[in-house]
Amino acid sequence: MPKRVVFTPDALNEPFGQAIYERVTALDLPVDIAKGNRITGLRGADERETYRIAKNTLAIVNAPPSAFRLQPIPPSADWQMNLAEGCPAHCQYCYLAGSLTGPPVVRAYANLPKMLANTATYEGTYPPNKSWQSTDTNRPTTFEVSCYTDVLGIEHLTGSLAECIQHFGTRTHGQLRFVTKYDQVDSLLDLPHNGQTRARFSLNADTIARRLEGGTASLEARLQALRKLALPRERGGGGYPIGLVIAPIMPIPDWRAHYTALLDRIAEVIDFPADMNVEFISHRFTPGSKDVLLQWYPNTSLDMDEETRAEKRNKFGGTKYVYRPEEMREMKAFFYAEWQARFPNAPILYWT
């Protein structure tokens, strides 16, 4: 629960913004109406205080015009359509560090219905760059809504994920994808998704989840939520297609044993036929994200030693640090073999 909820005047002019206002006031949360359409009062004396203030603030704003010009987001999906920016979790490897400007406040969008209507113009279009997605132009176009937030972590406050699921449930050429580290899925079970939403859960070895993923649901709680969403309707579940995002994979001491235990537990929980796939993502960081993370979490035990990593450059000249090629090959071989032995009918979408 945030300690402060701020609405901009423009957001309150939107019917969906009014619906969010009703939700948060029903929860007895302190609400402020901003004088203008900028959110102020987020800066503290230093970065850590700014972090605390921002992480305890939920801002309801209108997405800017640029949000209606969707960007490719391979390999996650064809297009990125954000229902919010900023995340309520406290993951010490946070991939948003350095990628979003300003304090890490959660900004949820009150003009979401207009953004969803806009996705119809992208259905049947596919980014020019190749990804794991099939090049079949008859397949549905996929939209990712959780690049910059944990959509389930704010759902009790906004109702935005349900809005998205119900919208895509009416589409035949557009499909929704989201990923979460939370577990409060009961409100999603009876939604008319019509198989057009793939619900994905971010999972990791339990020792990593407990040590580095603050403010999130436990690994076991996530697995039980995954089971609820995947179970057929006639067995009391949501009947959703599901996905697993094993990330960020780290070669910690005894990593094979830790990740074997994770994969075994997944097999125990998903012990019924399910429409499931998996994505494998190894840990990486940039110089900018490292600087921000060390200000947010100065006592972190996260390994960000550039000397033990390989340097990788993107086409824009940016640098990120990934594991060395021999480590990547070893981990990839392990995960592919172990996954396929347990889930031969659940495709591996990619390793990165």
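The text that follows walks through the structure, step by step, so that each part is easy to find. (Residues numbered from 1 in each chain as written. Predicted model: local features only at pLDDT ≥ 70, side-chain atom pairs only at ≥ 80, totals over all residues. Heavy atoms only, no water.)

Right, let's talk about the overall build of the protein chain for a bit. Across its full length, the protein chain carries 11 helices and 17 strands. Taking 2.2 N^0.38 as the reference for a compact globule, 352 residues should give roughly 20 Å; the C-alpha atoms of the protein chain span a radius of gyration of 20 Å, in line with that estimate. Sorting the 352 residues of the protein chain into buried and exposed places 52% on the buried side. Of the contacts formed within the protein chain by residues at least 6 apart in sequence, a portion of 75% connects residues at least 24 apart. With an accessible surface of roughly 15800 Å², the protein chain has 50% of that area assigned to carbon and sulfur atoms. The protein chain carries 39 positive and 39 negative side-chain charges, and their two centres are separated by 3 Å. (Helix = DSSP H or I, 4+ residues; strand = E, 2+ residues; numbered from the N terminus. Rg over C-alpha atoms; globule rule 2.2 N^0.38 Å. Buried < 20%, exposed > 50% of the residue type's maximum accessible area, 1.4 Å probe, protein only. Contact = heavy atoms within 4.5 Å. Areas by Shrake-Rupley, 256 points an atom, 1.4 Å probe, with all protein chains shown as cover. Lys, Arg positive; Asp, Glu negative; His and termini not counted. Charge placed at Lys NZ, Arg CZ, Asp CG, Glu CD.)

So, about the environment of Ile 208. Along the polypeptide, Ile 208 turns up in helix H7 (residues 206-212). According to the relative accessible area criterion, Ile 208 is buried, its value standing at 0%. Placed 39 residues apart in sequence, Ile 208 and Ala 247 show a C-alpha to C-alpha distance of 9.9 Å. Apart from residues lying up to four places away in sequence, Ile 208 is in contact with Glu 213, Met 250, Ile 252 and Tyr 259.

This brings us to the layout of surface pockets. Taken as a whole, the largest pocket encloses approximately 1800 Å³ of empty space. As for the largest pocket, its lining consists of 50 residues, of which Ile 73, Tyr 95, Cys 147, Ile 281 and Arg 284 are closest to the centre. When residues of the lining of the largest pocket are assigned to their parent elements, the largest contribution, three residues, is made by strand E13 (residues 242-249). The space that makes up the second largest pocket amounts to roughly 320 Å³. Around the second largest pocket, the lining is made up of 18 residues, and of these Val 61, Pro 64, Glu 85, Arg 107 and Tyr 109 lie nearest the centre. Of the residues assigned to the lining of the second largest pocket, the class counts are eight nonpolar, seven polar and three charged. (1 Å grid on protein atoms, 1.4 Å probe; cavity = no way out; pocket = protein on both sides within 12 Å on 5 of 7 lines; lining within 4 Å. Points joined across faces, edges and corners; volume = space filled by probe spheres on them. Nonpolar A, V, L, I, M, F, W, Y, C, P; charged D, E, K, R; others polar.)

What follows deals with the pairing of E13. Within E13, eight of the eight residues are buried, which leaves the element mostly enclosed by the surrounding structure. Direction of pairing for strand E11 (residues 197-203) relative to E13: parallel, over a ladder of five bridges. Among the inter-strand pairings, Ser 202 is bridged to a residue of E13, identified as Val 245. In terms of strand pairing, E13 meets strand E14 (residues 276-282) through six bridges, oriented parallel. Within E14, the position partnered with Leu 244 by the bridge is Val 278. (Pairing = 2+ DSSP bridges.)

Glancing now at the sheet that holds strand E2 (residues 31-33). A sheet is described by the order of its strands in space; here five strands give the open sequence E2-E1-E3-E8-E6, paired in mixed fashion. Sheet topology places E2 and strand E6 (84-85) at the edges, where each strand pairs with a single neighbour. Note that strand E1 (residues 4-7) and strand E3 (residues 57-61) share four bridges and pair parallel. The residue bridging Val 5 from the neighbouring strand is Leu 58, located in E3.

Before going further, it helps to examine the environment of Gln 175. For Gln 175, the location among the structural elements is in strand E10 (residues 174-180). Classification of Gln 175 as partly exposed rests on a relative accessible area of 23%. Distance from Gln 175 to Leu 12, taken between C-alpha atoms, is 29 Å for residues 163 residues apart in sequence.

Below, the discussion takes up the nonpolar core. Counting residues in each nonpolar core, the largest one holds 106 residues, and the members touching the most others are Ile 246, Tyr 259, Phe 335 and Trp 339. Apart from residues lying up to four places away in sequence, Phe 335 is in contact with Ile 246, Ile 249, Trp 255, Tyr 259, Leu 263, Phe 280 and Trp 351. Formed by six residues, the second largest nonpolar core is a distinct cluster that contains Val 179, Val 245, Ala 247 and Leu 349. (Core = buried A, V, L, I, M, F, W, Y, C linked by side-chain atoms within 4.5 Å.)

This paragraph deals with helix H8 (residues 219-230). For H8, built from 12 residues, the straight-helix expectation of 16 Å at 1.5 Å per residue is met to within 8% by its first-to-last C-alpha distance of 17 Å. When you tally the buried positions in H8, you get nine out of 12 residues, the bulk of the element. Where the residues of H8 are buried, they touch E11, H7, strand E12 (213-214), E13 and helix H9 (255-269). (Expected span 1.5 Å × (residues − 1).)

What follows concerns the pattern of salt bridges. Under the defined criterion, the tally for this structure stands at 19 salt bridges. When the shortest N-O distance is used, the salt bridge between Arg 222 and Glu 213 registers 2.7 Å. According to the relative accessible area criterion, Glu 213 is buried, its value standing at 3%. (Salt bridge = Lys/Arg side-chain N within 4 Å of Asp/Glu carboxyl O.)

Let's shift gears to helix H3 (residues 47-55). Looking at H3, one finds that the buried residues are Thr 50, Tyr 51, Ala 54 and Lys 55. The buried side chains of H3 occupy one side of the element, clustering within an arc of 120° when seen end-on. Of the residues that open H3, the one with a side-chain oxygen 3.3 Å from the backbone nitrogen of Arg 48 is Asp 46. (Arc of directions from axis to C-beta. Polar contact = N/O pair within 3.5 Å; in protein donor to acceptor, adjacent residues only side chain to side chain.)

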